[in-house]
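# Coordinates in review
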Amino acid sequence: MTDTSRRSYTKHVPDIRLITHYAEKTDSIIHRVNPWTKAAMLFFIVALVTVVMDFLLLAVIYVFALGFYAAAKLPLKLLVGWYFLPLVFVLTLVIMFVFTEPGTEIARLTIGTLVIAVTDNGLILMAKLVVRALAVVTFSLAVFMTISYKHVVYIARRLMPGPLATMFLLTYRFLYVTSDEITDLLDAVHSKNGNMVRGMLKQTKMFAGIFAHAFIHAFDRADRVSKAMEARGFTGDFPIVERVSAPRPREIAVVGALTVFLVLALVSRYSGMEGG
Amino acid sequence: MAHIHLEDGALSPIWVIFWWAVAAALIGVAMWSLKRERVSTRKMTVAAMCASVGIAAFMVTIPVFGGLHLNLTPLIGILAGPALGSLAVLIINLFSAAVGHGGWGVIGVNTVVNLSEVLIGYYIYRTFRTRVNLNRFASGFSAAALALTISALMVVAIIAVAGIQDSHLDEEETAHNLWLIAAMNIGVGLIEGGLTGYIVSFIGRIKPDLLEEIERSREKRPPDEDAHKKGG
């Protein structure tokens with residue numbers, strides 16, 4: 001279970017069981033960092049990649065995120081696969097900008113009367129967005145894969161309004177069952193020699209059946225779970241098993257340093273000191 | 001994907017804050033409406049189950065056009081209703097951001113786009129079933145396809161007005177650049193529309209009580225092929 005998960009049907013989205021395994025069973029210097037500190041650091045990383053405009057600084061933030069991930073002893077090989085979708089999202093958004101952004105032409109292709117030219121500013125725009133996205137994805141996964149469930153419960157209860165926290169935590173708990181259900185149905189299709197490469201209509205119908213089953217079973221399960229919860233005196237709040245203590249002074253210092261960086265980045269950006 | 005998710009750094013800080021505020025206001029309205037209704041534990045668990053299926057479904061690659069990931073947001077709207085569906089899409093976005101499918105800073109804008117899919121999906125399905133008397137497949141297909149088409153156009157409008165960070169293009173040029181992804185998303189939305197149509201037909205045959213609430217105000221039973229097949 002250290003490198004891959006049997007239950008996962010895609011290499012592009014992290015499997016919830018694998019995430020939980022690393023959060024609950026692995027130990028590293030990052031696992032021992034206070035969850036509040038990690039949550040605060042994630043906030044500052046997101047804020048910094050949004051505010052900072054300089055490519056070099058963005059690259060430094062990405063390297064920091066990657067170092068944080070590696071220090072948590074998380075699988076680097078799998079991370080490459082998990083980069084696929086964020087890259088697809090960024091590239092589909094900005095691919096046209098590579099050709100249309102005003103700037104110096106780097107390459108030009110002429111097909112009859114059609115001229116396609118790649119500009120330096122277009123490439124810089126794309127590179128910046130890719131680095132920004134990957135920095136946050138890497139850091140977010142590192143945080144999510146190093147905070148145990150009991151601490152997630154506590155943080156969710158403290159940060160979200162009651163009904164939202166309850167729904168969030170119920171979703172978290174149900175996710176294991178529903179993802180297993182869908183992968184079981186896919187296993188069943190495979191075991192009956194169900195060829196996954198068919199016409200579009202057949203594929204759509206087959207997957208509709210799988211998802212419909214998942215929804216129907218989810219509703220049945222929701223009925224049973226809600227009755228069981230009410231029978232046990234559920235009042236709408238998840239019990240807190242363990243409180244998250246306050247961060248240590250040196251961790252507060254790290255968050256303080258990130259705050260200073262963010263303030264400097266904001267001042268630099270809005271006073272026009274930073275170059276593009 | 002059935003629609004694009006923006007990643008962190010795409011929008012400037014001002015727009016990030018603006019869309020967080022809009023999303024917070026809409027979620028606030030949804031929570032206020034749930035508080036007024038005094039939502040039961042059952043409804044809450046049903047919505048949480050919907051959100052978990054939405055996340056789990058996204059983990060599966062559908063081998064059409066080289067691989068698609070679906071969000072099933074209009075379907076969640078149809079099954080969970082607009083208020084609980086709104087909370088469900090916010091939760092889906094939180095989980096998605098945790099695994100890199102959409103950024104944390106842009107959860108606000110991504111949630112607003114998904115909320116439009118939930119609301120449009122819900123109201124179109126309800127209208128088509130209760131007033132136009134379309135069958136379940138046609139209603140589900142129209143609801144999802146229209147919701148995803150409108151949300152794809154919304155994405156273009158949002159990005160064109162806000163602009164992408166570091167881009168020097170004006171609104172018109174930015175919108176022009178985004179028509180390609182809008183067209184792609186609309187195409188994928190049609191596939192998700194078909195899938196949604198099949199799913200609601202399937203659910204209607206196996207467990208029609210799940211659609212009872214959204215179809216309740218029907219005065220006359222529509223010409224539902226599924227119902228005819230079952231003799232009912």
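Criteria and cut-off values
- Residues numbered from 1 in each chain as written.
- Chains lettered and ligands numbered in written order.
- Predicted model: local features only at pLDDT ≥ 70, side-chain atom pairs only at ≥ 80, totals over all residues.
- Heavy atoms only, no water.
- Helix = DSSP H or I, 4+ residues; strand = E, 2+ residues; numbered from the N terminus.
- Buried < 20%, exposed > 50% of the residue type's maximum accessible area, 1.4 Å probe, protein only.
- Contact = heavy atoms within 4.5 Å.
- Areas by Shrake-Rupley, 256 points an atom, 1.4 Å probe, with all protein chains shown as cover.
- Buried area = accessible area lost by both parts, 1.4 Å probe.
- Salt bridge = Lys/Arg side-chain N within 4 Å of Asp/Glu carboxyl O.
- Polar contact = N/O pair within 3.5 Å; in protein donor to acceptor, adjacent residues only side chain to side chain.
- Nonpolar A, V, L, I, M, F, W, Y, C, P; charged D, E, K, R; others polar.
- Axes fitted to C-alpha atoms, helices over the stretch in contact; angles between N-to-C directions.
- Left-handed = near helix turned anticlockwise from the far one by under 90°.
- Patch = residues over 30% accessible without salt bridge, like charges linked within 9 Å, V, L, I, M, F, W, Y side chains within 5 Å.
- Lys, Arg positive; Asp, Glu negative; His and termini not counted.
- Charge placed at Lys NZ, Arg CZ, Asp CG, Glu CD.
- Parallel < 35°, antiparallel > 145°, perpendicular 65-115°, else oblique.
- Expected span 1.5 Å × (residues − 1).
- Bend = angle between axes of the 7 residues up to and from the residue.
- Pairing = 2+ DSSP bridges.
- Core = buried A, V, L, I, M, F, W, Y, C linked by side-chain atoms within 4.5 Å.
- pLDDT = per-residue confidence, 0-100.

Next up on the list: the overall build of chain A. When its secondary structure is counted, chain A shows 10 helices and 2 strands. Of the regular secondary structure in chain A, the N- to C-terminal order runs α-α-α-α-α-β-β-α-α-α-α-α. Looking at chain A as a whole, 51% of its 276 residues qualify as buried. In chain A, of all internal contacts separated by at least 6 residues, the share reaching a separation of at least 24 is 71%. Entry remark: accessible area of chain A is about 13200 Å², with carbon and sulfur atoms responsible for 66%.

Let us look at the interface of chain B and chain A. The interface is formed by 80 residues belonging to chain B together with 81 residues belonging to chain A. Summed over both partners, the interface of chain B with chain A buries about 7100 Å², with 80% contributed by carbon and sulfur atoms. Inspection of the chain B/chain A interface yields 3 salt bridges. A salt bridge links B:Lys207 to A:Asp220, with the shortest nitrogen-to-oxygen separation between them at 3.1 Å. In this assembly, chain B and chain A are joined by 12 residue pairs in polar contact (both at pLDDT 80 or more). If you list the elements that add at least two residues to the side of chain B that touches chain A, you get helix H1 (13-37), helix H2 (41-58), helix H3 (73-80), helix H4 (82-98) and helix H7 (171-206) of chain B. Of the residues that constitute the side of chain B that touches chain A, the class distribution is 57 nonpolar, 18 polar and 5 charged.

With that out of the way, let us pick up the packing of H3(B) against H4(B). Residue and element names in this part refer to chain B. Two elements in contact, H3 and H4, have axes whose closest approach is 7 Å; the angle formed by their N-to-C orientations is 140°. In the packing of H3 onto H4, the handedness of the crossing is right-handed. Across from Thr73, Ile76, Gly77 and Ala80 in H3, the residues of H4 making contact are Pro82, Leu84, Gly85, Ala88, Val89 and Ile92. Its residues assigned to classes, the contact of H3 with H4 comprises 7 nonpolar, 3 polar and no charged.

So, about the side chain of A:Thr92. Of note, A:Thr92 is situated in helix H5 (residues 84-100). Here A:Val88 takes part through its backbone oxygen, which lies 2.7 Å from a polar atom of the side chain of A:Thr92.

Side chains of B:Asp170, B:Glu171, B:Glu172 and B:Glu173 sit close together on the surface and give a patch of like negative charge. Examined against the element boundaries, B:Glu173 turns out to sit in helix H7.

Residue and element names in this part refer to chain B. In the contact formed by helix H5 (residues 107-130) and helix H6 (residues 136-162), the axes pass within 8 Å of each other and the chain directions differ by 150°. Viewed along their axes, H5 and H6 adopt a mutual orientation that is roughly antiparallel. Crossing hand, H5 versus H6: right-handed. Of the residues in the contact of H5 with H6, the class split is 15 nonpolar, 6 polar and 3 charged.

Attention shifts here to H5(A). A rise of 1.5 Å per residue sets the reference length of H5(A), with its 17 residues, at 24 Å; its end C-alpha atoms lie 25 Å apart and thus fit the reference within 8%. The axis of H5(A) is deflected most strongly, by about 45°, at A:Val94. Buried residues of H5(A): A:Leu85, A:Pro86, A:Phe89, A:Val90, A:Thr92, A:Leu93, A:Val94, A:Phe97 and A:Val98, and no others. On its buried face, H5(A) is in contact with helix H4 (76-82), strand E2 (114-119) and helix H6 (120-144) of chain A together with H2, H6 and H7 of chain B.

Where nonpolar side chains cluster on the molecular surface, the patch consists of A:Ile95, A:Phe99 and B:Leu180 and spans about 260 Å² of accessible area. Examined against the element boundaries, B:Leu180 turns out to sit in helix H7.

Residues and elements named next belong to chain B. With the rule as written, the count across this model stands at 12 salt bridges over all chains. Between glutamate 215 and arginine 129 there is a salt bridge; the shortest N-O distance is 2.9 Å. Taken together, the positions of glutamate 215 in helix H8 (residues 212-215) and arginine 129 in helix H5 put the pair 86 residues apart, joining distant regions of the chain. On the basis of relative accessible area, glutamate 215 is assigned to the buried category, the value being 4%. With a shortest N-O distance of 3.0 Å, glutamate 215 and arginine 136 are connected by a salt bridge. A residue pair is termed long-range when its members are at least 10 positions apart, and glutamate 215 in helix H8 and arginine 136 in helix H6 qualify at 79 residues. Taking relative accessible area as the criterion, arginine 136 reaches 4% and is therefore assigned buried.

We now examine the pairing of E2(A). Residue and element names in this part refer to chain A. Summarising the sheet, strand E1 (residues 105-111) and E2 pair through 6 bridges and their orientation is antiparallel. Across the sheet, residue alanine 107 finds its bridge partner in E2, namely valine 118. Two successive antiparallel strands, E1 and E2, enclose a turn made up of 2 residues, where glycine 112 displays a positive phi of approximately 65°.

Turning our eyes to something else, we now look at the nonpolar core. Core analysis: the biggest nonpolar cluster contains 165 residues, and A:Leu93, A:Met167, A:Phe168, A:Ile182, A:Phe211, A:Phe215 and B:Ile203 have the highest contact counts within it. The element contributing the most residues to this core is H6(A), with 15 residues. With sequence-adjacent residues up to four places away left out, A:Phe168 is seen in contact with A:Val152, A:Ala156, A:Met160, B:Ile91, B:Leu94 and B:Phe95.

This part takes up the side chain of A:Asn34. Residues and elements named next belong to chain A. Checked against the element boundaries, asparagine 34 lands in the loop between helix H1 (16-25) and helix H2 (35-51). Asparagine 34 gets classed as buried once you look at its relative accessible area, which sits at 7%. In this structure the side chain of asparagine 34 is engaged in a polar contact, spanning 3.5 Å, whose partner is the backbone oxygen of alanine 246. Excluding anything up to four places from it in sequence, asparagine 34 contacts Val244, Ser245, Ala246, Pro247 and Glu251.

A few words on the confidence of the model for chain A. All names here are of chain A. Per-residue confidence for chain A gives a mean pLDDT of 85, with 91% of residues at or over 70. Within chain A, helix H9 (residues 200-231) has the poorest average pLDDT of any element, 79, and helix H3 (residues 55-71) the best, 96. Per-residue pLDDT stays below 50 along residues 1-6; that stretch engages in 13 contacts with residues further than four places along the chain or on separate chains.

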